[in-house]
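Residues per chain are reported as follows:
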Amino acid sequence: HRKNLSQSFESIITAIETEMSAQTSLPVGAVFGLGRAGRIHFGNIASLRLARVKYVIDADPKAASVAAAAILGGQTDELPKFLLPEEEDQAMADPEVTFCVICSPTMTHETALRKCINSGKQMFCEKPIATSLESMKEVYKLAENKGLLLHCSFNRRYDPSFSLLRDRIPTTCGEVHTIRTCSRDNPYPSIEYLRTSGGIFHDCGVHDLDMACWLAGEWPSTVFATAARHNPQLKDFNDHDTAVIVVKFPSGAIGIIELDRRSTYGYDQRIEVHGAQGMIASNNVCDRAVTSSTAAGVNSANIQYSFPQRYAEGYVNSMRSFLSRISGSDENAMIVTPIESLNVSTLADACEKSLETGAPVKFQPINTL
């Protein structure tokens, strides 16, 4: 009996030592910005246990530390070191740090990425990489020249429903005729956010443009966009809150994208692909898969509230792919390429041009850096 107890105790110690050894050999990173997106990524890194975060760089370290502690369930021994933006060189100079996650305000992305590249860090970045096409190209080239991965996460590609839909298009639809996406936002963003968001096409539309092209397997030849402004405050910075984009692909398929900043009933995210053989669709995800039907009518649960709930799995899968790539555990994990990121941003530019001129815009895809 004592021998069995001794063996059990030894196996427990071995398991603990193995876990501790695995933790110390994990990739070590820094997170720039612990706002909405930053908290999602920080939480996913913690839950995946494929890496650990040593630093968080945020303009409000106290609020960031409170948020991080809540995400970690009060496990203060796992808390990272919190730095102000002017102290970020401390993280950049740390040889233990091999990757950075950039989810600070949009205007800071390019500067942060350049520092990461100069310090030899692998990079996971919220869109956009930079605020101009030329700057994006330059940053991607710098990363490529140093052999560094720069992953701009278009997380909807990693959503299981959308991935399954894409896989089934050839057998269900055959030749594709139309691709429809609907993205209606909830809650309505604050004016402070909208003022620096980059506009409806670059902030919202890029996700649907990426999805339409990813599903079609090609880049469009023409782009047309129209938009409306229902909130008069948006006029101050020339933005819109409702838009429709139509893209025509060389194959003859047509993409129809509907965008709206307001959806009073939840985060409305739908896709439909119709073709010569049939149709396939991904509908809204509800909080509960229960529907009540009585003589009074049919009652179902609300659709999910906003993007952190709807695309929770997509965020996890995107981070898993990135960490798998940089650790070498899966060199074939799906990554959004520089060319894909550049083309989606260029398409958003074409939407703005089409809106300004009121005419379709010819699109010439980028093929090289």
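Residues numbered from 1 in each chain as written. Predicted model: local features only at pLDDT ≥ 70, side-chain atom pairs only at ≥ 80, totals over all residues. Heavy atoms only, no water.

Moving on: the overall build of the protein chain. Check the secondary structure of the protein chain and you find twelve helices and 15 strands. In terms of overall size, the protein chain behaves like a compact globule, its C-alpha atoms giving a radius of gyration of 23 Å where 369 residues would be expected to give roughly 21 Å. In terms of principal-axis extent, the alpha carbons of the protein chain reach across some 75 × 60 × 40 Å. Burial status across the protein chain gives 47% buried among its 369 residues. Residue pairs at least 24 apart in sequence account for 72% of intrachain contacts in the protein chain once pairs closer than 6 positions are excluded. Within the protein chain, one finds 35 positive and 42 negative side-chain charges whose respective centroids are separated by 1 Å. (Helix = DSSP H or I, 4+ residues; strand = E, 2+ residues; numbered from the N terminus. Rg over C-alpha atoms; globule rule 2.2 N^0.38 Å. Buried < 20%, exposed > 50% of the residue type's maximum accessible area, 1.4 Å probe, protein only. Contact = heavy atoms within 4.5 Å. Lys, Arg positive; Asp, Glu negative; His and termini not counted. Charge placed at Lys NZ, Arg CZ, Asp CG, Glu CD.)

This part covers the UniProt feature "domain: GFO/IDH/MocA-like oxidoreductase" (unreviewed entry) in the protein chain. Using the residue numbers shown here, the UniProt feature "domain: GFO/IDH/MocA-like oxidoreductase" (unreviewed entry) corresponds to residues 173-280. Between the end C-alpha atoms of residues 173-280 the distance is 7 Å, and the span holds 21% helix and 37% strand. (UniProt positions renumbered as here; feature names shortened; annotations may be inferred.)

Here the focus is helix α11 (residues 312-327). Across its 16 residues, α11 extends 23 Å between first and last C-alpha, which sits within 8% of the 22 Å expected from 1.5 Å per residue. Listed in full, the buried residues belonging to α11 are G314, Y315, V316, S318, M319, S321, F322, L323 and S324. Against α2 (36-48), β4 (97-102), β5 (122-125), β6 (150-152) and α10 (307-310) lie the buried residues of α11. The positive-phi residue at the C-terminal boundary of α11 is G328, with phi of around 85 degrees. (Expected span 1.5 Å × (residues − 1).)

So, on to the state of the cysteines. This model, assessed by the stated rule, comprises zero disulfides. The closest cysteine sulfur to the non-disulfide-bonded C182 is located on C204, 12 Å from its own sulfur. Classification of C182 as buried rests on a relative accessible area of 8%. For the unlinked cysteine C286, the closest cysteine sulfur is that of C182, found at 14 Å. (Disulfide = S-S within 2.5 Å.)

In this section: the sheet that holds β5. If you trace the six strands from one edge of the open sheet to the other, you get β3-β2-β1-β4-β5-β6, paired in parallel fashion. At either end of the open sheet lies a strand with only one pairing partner, and these are β3 (81-83) and β6. The mean inter-strand angle of the sheet, taken between neighbouring strand axes irrespective of direction, is 20 degrees. With four bridges joining them, β4 and β5 adopt parallel strand pairing. By the bridge assignment for β5, F99 is matched with Q122. Each of β4, β5 and β6 is contacted by α11, which is oriented at about 170 degrees to β5, the strand it contacts most. (Pairing = 2+ DSSP bridges. Axes fitted to C-alpha atoms, helices over the stretch in contact; angles between N-to-C directions.)

Quick look at the pattern of salt bridges now. When the charged atoms of two side chains lie near each other, side chains of opposite charge can form a pair. Considering all chains together, one arrives at 17 salt bridges under this definition. The residue E340 makes a salt bridge to R157 at a minimum N-O spacing of 3.2 Å. Of this pair, E340 sits in helix α12 (residues 338-357) while R157 sits in the loop between β6 and α7 (160-173); the two residues are 183 residues apart in sequence, bridging distant segments of the chain. There is no split in this pair, since E340 and R157 are both buried. (Salt bridge = Lys/Arg side-chain N within 4 Å of Asp/Glu carboxyl O.)

To continue, consider the sheet that holds strand β8 (residues 222-228). Within a sheet, neighbouring strands are paired by backbone hydrogen bonds and run either parallel or antiparallel to one another. A sheet is described by the order of its strands in space; here seven strands give the open sequence β12-β11-β7-β10-β9-β8-β15, paired in mixed fashion. If you trace the sheet from one side to the other, it starts and ends with β12 (279-282) and β15 (361-362), each paired once. Two elements, strand β7 (residues 176-184) and strand β10 (residues 254-260), share seven bridges in a ladder whose sense is parallel. If you follow T178 over to β10, its bridge partner there is I254. Helix-sheet contacts for α7 involve β7, β11 (268-275) and β12, and the interaxial angle to β12 is about 175 degrees. Sheet contacts for α12: β8, β9 (242-248) and β15; angle to β8, the most-contacted strand, approximately 60 degrees.

For the structure shown, the criterion picks out five aromatic pairs. Geometrically, the ring pair formed by F124 and F322 is edge-to-face, given 5.5 Å between the ring centres and 75 degrees between the ring planes. You can see F124 sitting in strand β5 and its partner F322 sitting in helix α11, a full 198 residues away along the chain. Looking at F124, the relative accessible area reads 0%, which means it is buried. (Phe/Tyr/Trp six-rings, centres within 6.5 Å; stacked < 30°, edge-to-face > 60°.)

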